[in-house]
Each structure stands twice: as C-alpha cells, then as structure tokens.
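Inside the fold
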Amino acid sequence: MALLIARSAGDRPWRTADFGGIVPDRLRHLGAAEVAGQTIAVDGRACRLGDWCAISGDAADGSIECHGDFRAVDRLAAGMEGGTVVVHGPVGRHAGAAM
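A quick note: this is a predicted structure, and the numbers were derived from the prediction, not measured. (Residues numbered from 1 in each chain as written. Predicted model: local features only at pLDDT ≥ 70, side-chain atom pairs only at ≥ 80, totals over all residues. Heavy atoms only, no water.)

What to know about the nonpolar core
Counting residues in hydrophobic clusters, the biggest one holds 23 residues, and the most contacted among them are L3, I5, W14, F19, L49, C53 and I55. Among the secondary structure elements, those contributing two or more residues to this core are β1 (3-6), α2 (32-36), β3 (39-42) and β6 (63-67). (Core = buried A, V, L, I, M, F, W, Y, C linked by side-chain atoms within 4.5 Å. Buried < 20%, exposed > 50% of the residue type's maximum accessible area, 1.4 Å probe, protein only. Helix = DSSP H or I, 4+ residues; strand = E, 2+ residues; numbered from the N terminus.)

Some words on the sheet that holds β1
The strand order across the open sheet formed by 4 strands is β5-β1-β6-β8, and the pairing between neighbours is mixed. In this open sheet, the two strands that pair with only one neighbour each are β5 (54-56) and β8 (84-88). Between one strand and the next, the sheet's axes are offset by a mean angle of 15°, whatever the strand orientation. Strand direction decides the pairing type here: β1 and β6, joined by 4 bridges, are parallel. (Pairing = 2+ DSSP bridges. Axes fitted to C-alpha atoms, helices over the stretch in contact; angles between N-to-C directions.)

Some details on the state of the cysteines
The tally for this structure, following the rule as stated, stands at 0 disulfides. With no disulfide of its own, C47 has C53 as its nearest cysteine by sulfur position, at a separation of 11 Å. Residue classification places C47 among the buried positions, given a relative accessible area of 17%. A residue is classified by how much of its surface remains accessible, and C53, at 6% relative accessible area, is buried. (Disulfide = S-S within 2.5 Å.)

Description of the environment of S56
Turning to its location among the elements, S56 is positioned in strand β5. For S56 and W14, which are 42 residues apart along the polypeptide, the C-alpha to C-alpha distance reads 21 Å. With residues up to four places along the chain from it excluded, the contact list for S56 reads A2, L3, L4 and A32. (Contact = heavy atoms within 4.5 Å.)

A look at the pairing of β6
Bridging between β6 and β8 involves 5 bridges; their strand directions are parallel. Bridging across to β8, I64 finds its partner in V85.

Brief notes about the environment of R26
The residue R26 is located in helix α1 (residues 24-27) in this model. Here R26 falls in the partly exposed class, since its relative accessible area comes to 48%. As for R26 and R75, which are separated by 49 residues in sequence, their C-alpha atoms are 15 Å apart. Apart from residues lying up to four places away in sequence, R26 is in contact with G21 and Q38.

See the structure below:
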C-alpha cells in the first residue's frame, strides 16, 4: 500500500513549501501519524506535514503518491535513493533533484 499525500482545493494556501526529506526510503518504516508529524517548511517556517496535507497509508512498499496541486512544493522527492514517487497534478521546482 502506498503512502498517500493529498491536497484539495479547500486546503490552506501557501506560497512555497519545501518537501526535502519527504522520500520513500526515509519514510518506509513510519505509519501515517508519524509521517504527518514530519517537518516541512511552509513559507519559510517549520511546520508539520499533516497540518498542510492529508496523509494516509504507509510507504512500507517504497512508494508515495501525491494527489492535488503541488506546484508550490519545491524539492519533492529530492535526494531519493530508492522507491517510487508518483504525483497526480502539478509539482514545483527541483522535484527529484539529486536522485
């Protein structure tokens, strides 16, 4: 089962978000609640991922699926060393950098 990270039209807006470190190889041993507690940067401030996105499932199989508008999300899957990230929607700068 994949880890699902979702954004919907009604979610709080952001100008930029940095998802560096949100990669399957780092999250594969965490449950949804632990993933929701991971730190991301939103508009330059440290925040919990679960405060900005709906989280479900887990990355035990090495996969993450992102659903929604991630065009303001930078560094999604950056530094990923293994696994799969599939984004259903637009994504921001440096996605997959240094894979």
